[in-house]
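Structural characterization, general
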Amino acid sequence: MNTASSRPLSVLRASTFALVVPALLSLSACKSDSPTPADAGTDTPDDTVATTRAALLESSGACVLQTAREFQTVATALESAVAAHAATPDAATRDAARAAFHQAMDAWQVAEVMQFGPAAPRSVPGGAEIRDNIYSWPLVSRCAVEEQIVNRSYEAAGFENALVSRRGLFALEYLLFFEGADTACPSTSVIVSQGTWAALSADERAARKRAYAAVVAADIHRRADALVSAWAADQGNFARTLTTAGSGNAVYPSTQAALNSVSDAIFYFEREVKDLKLARPLALRDCATSTCPEHLESPFAARSKANLRANLVGYRRLTEGCGENFSGTGFDDLLEASGAGALATKLRERNAAAAVGIESVPGDDLAPTLAQDKAAVRALYDAVKGVTDVLKTELVTVLDLELPQSVEGDND
């Protein structure tokens, strides 16, 4: 794992995060000091709820497109920086490529919470699996990447159709940041049993990693373009598919179906963030020792906490609104229109508390704190659980939304 000295300068990180991450530490998440319709009681007219539901779908679609365009911008820069490093391998181009990776991951982790429509799996209405082709975590394999280094499969025509574990942002993270000579492949792997990994010189292995990284970065850029194209009004216009949910819509036959699709996406914060990114490393599940740091996300670029920060931004964009300081229409507005103003306030307060909890852990990586102060990471988990408790109990109940199958019966 790389040390902090290999990280890009903080000013580079700050300038990019200012573009994609609104102020996370603001505890004043209320959108207005004036009373909402819910403040007057629960007899909100049905047409107000219907209007707000429609506005939420429109806002959610616009938010996905905005976030996808943010990622497209940094993915373009990422391709250029990685290609430059492949052409001129020195410390300066390496650091620039790593900085571009951090900028791209900052933007993509916001989009992780927006996996509905074309970003979603093909098994989901409207899904085209664009997300998995950009970042397939937790379906990742360091060994699979190392096998491609030996086989040079990245040079083959059609590599863009290779298994997602061989491409995407995880593969690029390994290729740009991991500097060790060992392999994660077991003895049964051909590259180990036949000695082909060990036969690579350090210079040859580094050269292949740079060439491989350039191919992967270019593929990520293409996928970013495809995601924007799928949502843009002058191209695929999936935003219109979302906002015209109802009779005659082949993807969303009802407004409720469309809302369930958006709701399912934000459960990323329950499944991936709470359960996988935090509970497993903390040994709260799927871990037989006191901690399991091997389950932390981002083992090579050391940015597991930075990813959580961006995930919360994506969650807040959909639940509170995608505008500046989380203004605009979000699920909190639908709660208020439905007469649940107190719950809307609770949602915003829990979100803000989670933001404070994330920032209370120092640095961009959870690994050092997990090793030295497990209680601090557990406190972060508890803050995140405060968010997801509202999501999977009160919010879905009040708005009559369906729980995703992956969390049904999950009582933690």
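Residues numbered from 1 in each chain as written. Predicted model: local features only at pLDDT ≥ 70, side-chain atom pairs only at ≥ 80, totals over all residues. Heavy atoms only, no water.

Some points on the pattern of salt bridges
Under the counting rule described, the total for this entry stands at 30 salt bridges. Arg 94 serves as the salt-bridge partner of Asp 95, at 3.0 Å between the closest nitrogen and oxygen. In this structure Arg 94 comes out as partly exposed when scored by relative accessible area, which is 27%. Notably, a salt bridge pairs Asp 219 with Arg 223, separated by 3.3 Å at the nearest N-O pair. Note that Asp 219 and Arg 223 are positioned in helix α9 (residues 202-231) at a spacing of 4 residues, about one turn of the helix. Of the two residues, Asp 219 and Arg 223, neither departs from the other in class, the shared state being buried. (Salt bridge = Lys/Arg side-chain N within 4 Å of Asp/Glu carboxyl O. Buried < 20%, exposed > 50% of the residue type's maximum accessible area, 1.4 Å probe, protein only. Helix = DSSP H or I, 4+ residues; strand = E, 2+ residues; numbered from the N terminus.)

Focus: helix α13 (residues 304-319)
Three or four residues apart is the spacing at which side chains of an α-helix point the same way, because the helix has 3.6 residues per turn. The terminal C-alpha atoms of α13, which comprises 16 residues, lie 23 Å apart, in line with the 22 Å expected from a rise of 1.5 Å per residue. Summarising burial for α13: 16 of the 16 residues are buried, a large majority. One or two steps after α13, the chain reaches Gly 321, where phi turns positive at roughly 130°. (Expected span 1.5 Å × (residues − 1).)

Some remarks on the state of the cysteines
Per the stated rule, a full pass over the model turns up 3 disulfides. The disulfide partner of Cys 63 is Cys 322, and the S-S distance across this bridge is 2.1 Å. The S-S bond linking Cys 63 to Cys 322 shows a torsion near 70°; that makes this disulfide right-handed. Here Cys 322 lies in the loop between α13 and α14 (331-337) and Cys 63 lies in helix α2 (residues 46-87), a separation of 259 residues in the sequence. (Disulfide = S-S within 2.5 Å.)

Here's the deal with the nonpolar core
Phe 71, Leu 169, Leu 172 and Trp 231 are the most contacted members of the largest nonpolar core, which has 114 residues in total. Examining the composition of this core, we find that 13 residues originate from one element, α2, more than from any other. Leave out the neighbours within four places in its chain, and Trp 231 touches Gly 61, Val 64, Leu 65, Phe 116, Gly 117, Pro 118, Asn 237, Phe 238, Ala 239 and Leu 242. (Core = buried A, V, L, I, M, F, W, Y, C linked by side-chain atoms within 4.5 Å. Contact = heavy atoms within 4.5 Å.)

Considering the packing of helix α15 (residues 341-360) against helix α17 (residues 374-398)
Close contact between α15 and α17 brings their axes to 8 Å; oriented N to C, the two are set at 160°. By the angle between their axes, α15 is roughly antiparallel relative to α17. Considering only the axes of α15 and α17, their crossing is left-handed. Across from Leu 343, Lys 346, Leu 347, Arg 350, Asn 351, Ala 353, Ala 354, Gly 357 and Ile 358 in α15, the residues of α17 making contact are Leu 380, Ala 383, Gly 386, Val 387, Asp 389, Val 390, Glu 394, Leu 395 and Val 398. Along the lines of polarity and charge, the residues of the contact of α15 with α17 split into 11 nonpolar, 3 polar and 4 charged. (Axes fitted to C-alpha atoms, helices over the stretch in contact; angles between N-to-C directions. Parallel < 35°, antiparallel > 145°, perpendicular 65-115°, else oblique. Left-handed = near helix turned anticlockwise from the far one by under 90°. Nonpolar A, V, L, I, M, F, W, Y, C, P; charged D, E, K, R; others polar.)

Focus on unusual backbone geometry
Along the chain, Trp 137 connects to Pro 138 via a cis peptide bond; the corresponding omega equals 10°. Turning to its location among the elements, Pro 138 is positioned in the loop between α4 (130-134) and α5 (142-151). One non-glycine residue, Ala 283, lies in the positive phi region at around 65°. Structurally, Ala 283 can be placed in the loop between α12 (268-279) and α13. With a phi angle near 55°, Ala 302 is a residue other than glycine that sits in the positive phi range. With respect to the helices and strands, the residue Ala 302 is situated in the loop between α12 and α13. According to the relative accessible area criterion, Ala 302 is buried, its value standing at 8%.

Comments concerning the environment of Leu 169
Structurally, Leu 169 is set in helix α6 (residues 168-177). Contacts of Leu 169, omitting those with residues within four sequence positions, involve Phe 71, Leu 78, Phe 101, Met 105, Trp 108, Ile 134, Tyr 135 and Ile 220.

Considering the packing of aromatic side chains
Within the structure shown, the criterion is met by 12 aromatic pairs. Ring geometry for Tyr 174 versus Phe 178: centroids 5.2 Å apart, planes at 20°, classification stacked. Of the two residues, Tyr 174 and Phe 178, both sit in the buried class. Over the ring of Phe 178 we find Arg 142; its NZ or CZ atom is 4.3 Å from the centre of that ring. Above the face of the Trp 137 ring, Lys 277 is positioned so that its terminal group lies 5.4 Å from the ring centre. (Phe/Tyr/Trp six-rings, centres within 6.5 Å; stacked < 30°, edge-to-face > 60°. Lys NZ or Arg CZ within 6 Å of the ring centre and 35° of its normal.)

Remarks on the confidence of the model for the protein
Within the protein, residue pLDDT values average 91, and 88% of them lie at 70 or more. This stretch, residues 1-30, has a pLDDT under 50; its non-local contacts, to residues over four places away or in other chains, come to 63 contacts. Throughout residues 32-44 the model reports pLDDT below 50, and contacts reaching past four residues in sequence, or to other chains, amount to 12 contacts. (pLDDT = per-residue confidence, 0-100.)

Re the environment of Arg 167
By the element assignment, Arg 167 lies in the loop between α5 and α6. Sequence-wise, Arg 167 and Ile 134 are 33 residues apart; in three dimensions their C-alpha atoms are separated by 7.7 Å. A polar side-chain atom of Arg 167 sits 2.7 Å from a polar atom in the side chain of Asn 133. (Polar contact = N/O pair within 3.5 Å; in protein donor to acceptor, adjacent residues only side chain to side chain.)

A word on the side chain of Glu 320
Position of Glu 320 among the secondary structure elements: in the loop between α13 and α14. Owing to a relative accessible area of 1%, Glu 320 belongs among the buried residues under this scheme. Separated by 2.7 Å, the side chains of Glu 320 and Arg 316 make a polar contact. Here the side chain of Glu 320 touches Asn 351 through a polar contact of 2.9 Å, side chain to side chain.

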